[in-house]
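Chains, contacts and geometry: an overview
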Amino acid sequence: MDASRDGGRGAGGRWCWPKRLVTAEDWAPYGIGEPDADGWYPDYRPVPEELKPENVAAPAKSKTPDIDFSLIALLSQWQLVVAELAERGVDLYDPAVRRRPWPGIRALIFSLYDSPSRLRAVLTRR
């Protein structure tokens, strides 16, 4: 007998986990009305408390700022992107930089969101 059918009891007969209601047969004791051809009922009584998942508290909302990550917002502030990267030693218009693969340049640009920068300050929604 598989574990989903034996009510969560392992081979030794002790509880391993709460029984999971998966199949129409598992739900049948809670059915209201007549089952359809597949064994599913039109409505069900509430599931007993011992079969419900634990009530896990929702994580607290973090105080992270709401930043506009849209491409339009980034392009509208392109002068800040160029200036911030220039201050970090990356000239986006240097032919050597333009020959570099795009993923590296993209990572540099997106790093401006993660660090305290003028771009981040401008794109932070109030």
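Model, not experiment: these values are computed from the prediction.

Cut-offs used in this document
- Residues numbered from 1 in each chain as written.
- Predicted model: local features only at pLDDT ≥ 70, side-chain atom pairs only at ≥ 80, totals over all residues.
- Heavy atoms only, no water.
- Salt bridge = Lys/Arg side-chain N within 4 Å of Asp/Glu carboxyl O.
- Helix = DSSP H or I, 4+ residues; strand = E, 2+ residues; numbered from the N terminus.
- Buried < 20%, exposed > 50% of the residue type's maximum accessible area, 1.4 Å probe, protein only.
- Axes fitted to C-alpha atoms, helices over the stretch in contact; angles between N-to-C directions.
- Parallel < 35°, antiparallel > 145°, perpendicular 65-115°, else oblique.
- Contact = heavy atoms within 4.5 Å.
- Nonpolar A, V, L, I, M, F, W, Y, C, P; charged D, E, K, R; others polar.

**Some remarks on the pattern of salt bridges**
Considering all chains together, one arrives at two salt bridges under this definition. Residue E84 is joined to R118 by a salt bridge in which the shortest nitrogen-to-oxygen separation is 3.0 Å. In this pair, E84 sits in helix α3 (residues 78–87) while R118 sits in helix α6 (residues 118–123), placing the two residues 34 residues apart along the sequence. Judged by relative accessible area, which is 5%, E84 ranks as buried. On the accessibility criterion, R118 (38% relative accessible area) is partly exposed. E87 is the salt-bridge partner of R118, the closest N and O atoms lying 2.8 Å from each other.

**Quick look at the packing of α3 against helix α5 (residues 102–114)**
For any two helices packed against each other, the geometry is given by the interaxial angle and the distance between the axes. The geometry of α3 relative to α5 is characterised by a closest axis approach of 11 Å and an angle of 100 degrees between their N-to-C directions. Accordingly, the angle class assigned to the pair α3 and α5 is roughly perpendicular. Only L108, I109 and L112 of α5 make contact with α3, whose side of the interface consists of W78, V81, E84 and L85. Split by residue class, the contact of α3 with α5 holds six nonpolar, no polar and one charged.

Remember, this is a structural readout, not a statement about activity or role.
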